[in-house]
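Below are the chains, spelled out letter by letter.
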Amino acid sequence: MRYQLLFGLVLTFFIWLNNGSIAYAQLPLEIVTTTADLKSLVEVVGGELVHVTSLLPPNQDPHAFEPKLSDRQAIQKSQLVVRVGLDHDIWLDTILKDVKNPDLQRGGNGYVDTSVGIAVLEAKSLSLAPATGHDHGAGNPHYWLDPLNAESITGAIEEGLIRLDADHTEDYALNRDRFLIELKNRVKIWSDRLAPYRSNPIVVYHNSWPYLARRFRLKTIGYIEPKTGVPPSPTHLSELVRLIREQKVAVVIKEPYESDNITRYLNRTTGSKTLTLAASVGAVPEAKDYFSLFDYNVEQLIKGFSK
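Residues numbered from 1 in each chain as written. Predicted model: local features only at pLDDT ≥ 70, side-chain atom pairs only at ≥ 80, totals over all residues. Heavy atoms only, no water.

1. A look at the overall build of the protein
Of regular secondary structure, the protein possesses ten helices and eight strands. Out of the 307 residues belonging to the protein, those deemed buried represent 48%. Relative to all contacts within the protein whose residues are 6 or more apart in sequence, the contacts with residues 24 or more apart total 62%. Summing over all exposed atoms, the protein offers an accessible surface of approximately 15500 Å²; the carbon and sulfur share of this is 55%. (Helix = DSSP H or I, 4+ residues; strand = E, 2+ residues; numbered from the N terminus. Buried < 20%, exposed > 50% of the residue type's maximum accessible area, 1.4 Å probe, protein only. Contact = heavy atoms within 4.5 Å. Areas by Shrake-Rupley, 256 points an atom, 1.4 Å probe, with all protein chains shown as cover.)

2. Let's talk about unusual backbone geometry
Backbone geometry at Leu86 places phi at a positive 55°, although glycine is not the residue there. The topology assignment puts Leu86 in the loop between strand 3 (80-83) and helix 4 (91-99). Taking the relative accessible area as the measure of exposure, Leu86 reaches 15% and is therefore buried. One non-glycine residue, Glu122, lies in the positive phi region at around 60°. Structurally, Glu122 can be placed in the loop between strand 4 (111-113) and helix 5 (150-164).

3. Considering the packing of helix 6 (residues 169-194) against helix 10 (residues 290-306)
The contact between helix 6 and helix 10 brings their axes to 10 Å, and the two run at 5°. Regarding the angle of helix 6 to helix 10, the classification is roughly parallel. Contacts between helix 6 and helix 10 involve Phe179, Glu182, Leu183, Arg186, Trp190, Arg193 and Leu194 from the former and Tyr290, Phe291, Phe294, Asp295, Val298, Glu299, Leu301 and Ile302 from the latter. (Axes fitted to C-alpha atoms, helices over the stretch in contact; angles between N-to-C directions. Parallel < 35°, antiparallel > 145°, perpendicular 65-115°, else oblique.)

4. Brief notes about the pattern of salt bridges
Under the counting rule described, the total for this entry stands at 17 salt bridges. Beyond isolated ion pairs, a larger network of salt bridges with shared partners links Arg83, Asp89, Asp93 and Arg106. (Salt bridge = Lys/Arg side-chain N within 4 Å of Asp/Glu carboxyl O.)

5. What to know about the packing of helix 3 (residues 69-77) against helix 4
Between helix 3 and helix 4, the least distance of the axes is 10 Å, while the angle of their chain directions is 55°. Relative to helix 4, helix 3 is oriented oblique. Where helix 3 crosses over helix 4, the two elements pack in a sense that is right-handed. For the pair helix 3 and helix 4, contact is made by Arg72, Ile75 and Gln76 and by Leu92, Thr94, Ile95, Leu96, Asp98 and Val99, respectively. Per-class residue counts for the contact of helix 3 with helix 4 are five nonpolar, two polar and two charged. (Left-handed = near helix turned anticlockwise from the far one by under 90°. Nonpolar A, V, L, I, M, F, W, Y, C, P; charged D, E, K, R; others polar.)

6. Overview of the sheet that holds strand 5 (residues 201-204)
If you walk across this open sheet you meet the four strands as 6-5-7-8, and the pairing is parallel. Two strands in the sheet have a free side with no partner beyond their single neighbour: strand 6 (219-223) and strand 8 (273-276). Averaged over all neighbouring strand pairs, the angle between strand axes comes to 35°, with direction disregarded. Pairing of strand 7 (residues 251-254) with strand 8, which is carried by four bridges, proceeds in the parallel orientation. The partner of Val251 across the bridge, within strand 8, is Lys273. Set on the sheet, helix 10 makes contact with strand 5, strand 7 and strand 8; between it and strand 8 the angle comes to about 175°. (Pairing = 2+ DSSP bridges.)

7. Details of helix 8 (residues 234-246)
Here helix 8 contains 13 residues, and its C-alpha end-to-end distance of 18 Å stays within 8% of the 18 Å for a straight helix at 1.5 Å per residue. When we look at burial in helix 8, the residues that qualify are His236, Leu237, Leu240, Val241, Leu243 and Ile244. All buried residues of helix 8 fall inside an arc of 165° around its axis, so they share one side. Across from the buried face of helix 8, at angles greater than 90 degrees, the exposed residues are Pro234, Thr235, Arg245 and Glu246. Elements in contact with the buried residues of helix 8: strand 5, strand 6, strand 7 and helix 9 (261-270). One or two positions beyond helix 8, positive phi appears at Lys248, with a value near 55°. (Expected span 1.5 Å × (residues − 1). Arc of directions from axis to C-beta.)

8. Here we look at the sheet that holds strand 4
Ordered in space as 2-1-3-4, the four strands form an open sheet in which the pairing is parallel. The sheet is open, and its two borders are formed by strand 2 (50-54) and strand 4, each paired with just one other strand. Put simply, the sheet's adjacent strands are angled 20° from each other on average, direction ignored. Bridge count between strand 3 and strand 4: three bridges; the pairing is parallel. The residue of strand 4 that forms the bridge with Val81 is Tyr111. Its contacts with the sheet place helix 2 (residues 36-46) against strand 1 (29-33), strand 2 and strand 3, and it is angled at close to 175° to strand 2.

9. Some points on the confidence of the model for the protein
Across the protein, the average pLDDT comes to 89, with 87% of residues at or above 70. Scored below 50 in pLDDT, residues 5-25 shows zero contacts in the model against residues more than four places distant or in partner chains. Note on residues 125-134: pLDDT is under 50 here. Beyond four places in sequence and across chains, it has 25 contacts. (pLDDT = per-residue confidence, 0-100.)

And the structure:
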């Protein structure tokens, strides 16, 4: 009887130990984000309680992205998927359908679309007209480039994390609160530094920048791409040259992966300068996280406008 009791106690201990190990192994939460910007913000809210994988390379044209087998495997292993939405990462829908995990489908506990709650720009622009410079019928998806939208984005992320891990609700809330305090301070600094250049006209390669332009009161007057992936015609370029000269545009903005050929032509013809800005965390070495993304872009804009 004594040996049976001892065996029972030992068995109970190992069952408890094993269950404890399994529970412990569930943290950090395995999370997949579609972009590096969302990865940075998930890490802000989740801290050491999350392990985050980003799918879309930060220095690649998002419209040309094709998911790899490793991307599907990462999603299969994930507990939470966080996306930009608004057609920016529409390729994710196909992967989620193939994965067939109900928790990762729309409305599931492991699904977060951070565009929900965002005041979307260009939402009524359903045409491919050159005047828009963008062909996302659901609205312009580059909303993370208004830093104050990070309040809504991190709110959606926090809710998603709590659904999966309610035991750490206070940790996620505290992490987000600290971030928002610092964000408010940074936005004031960025806004004050760019204040002398409010209403300055700019020309952009692709229409990635309406949220940043609105936040810092810049005026976009033209786009090099009349629509996504379509090179400008000679007539379109001539009109851009006219606008740049007429409105005394100092800077033309492009992303690192976009061609220099056309911007150099515009610079030679008009005396403007090209600024390479980062539209995503990691697009340039200086943009290591969400805050440094704006530190870099604000610094580049000041240099471009002040010379």
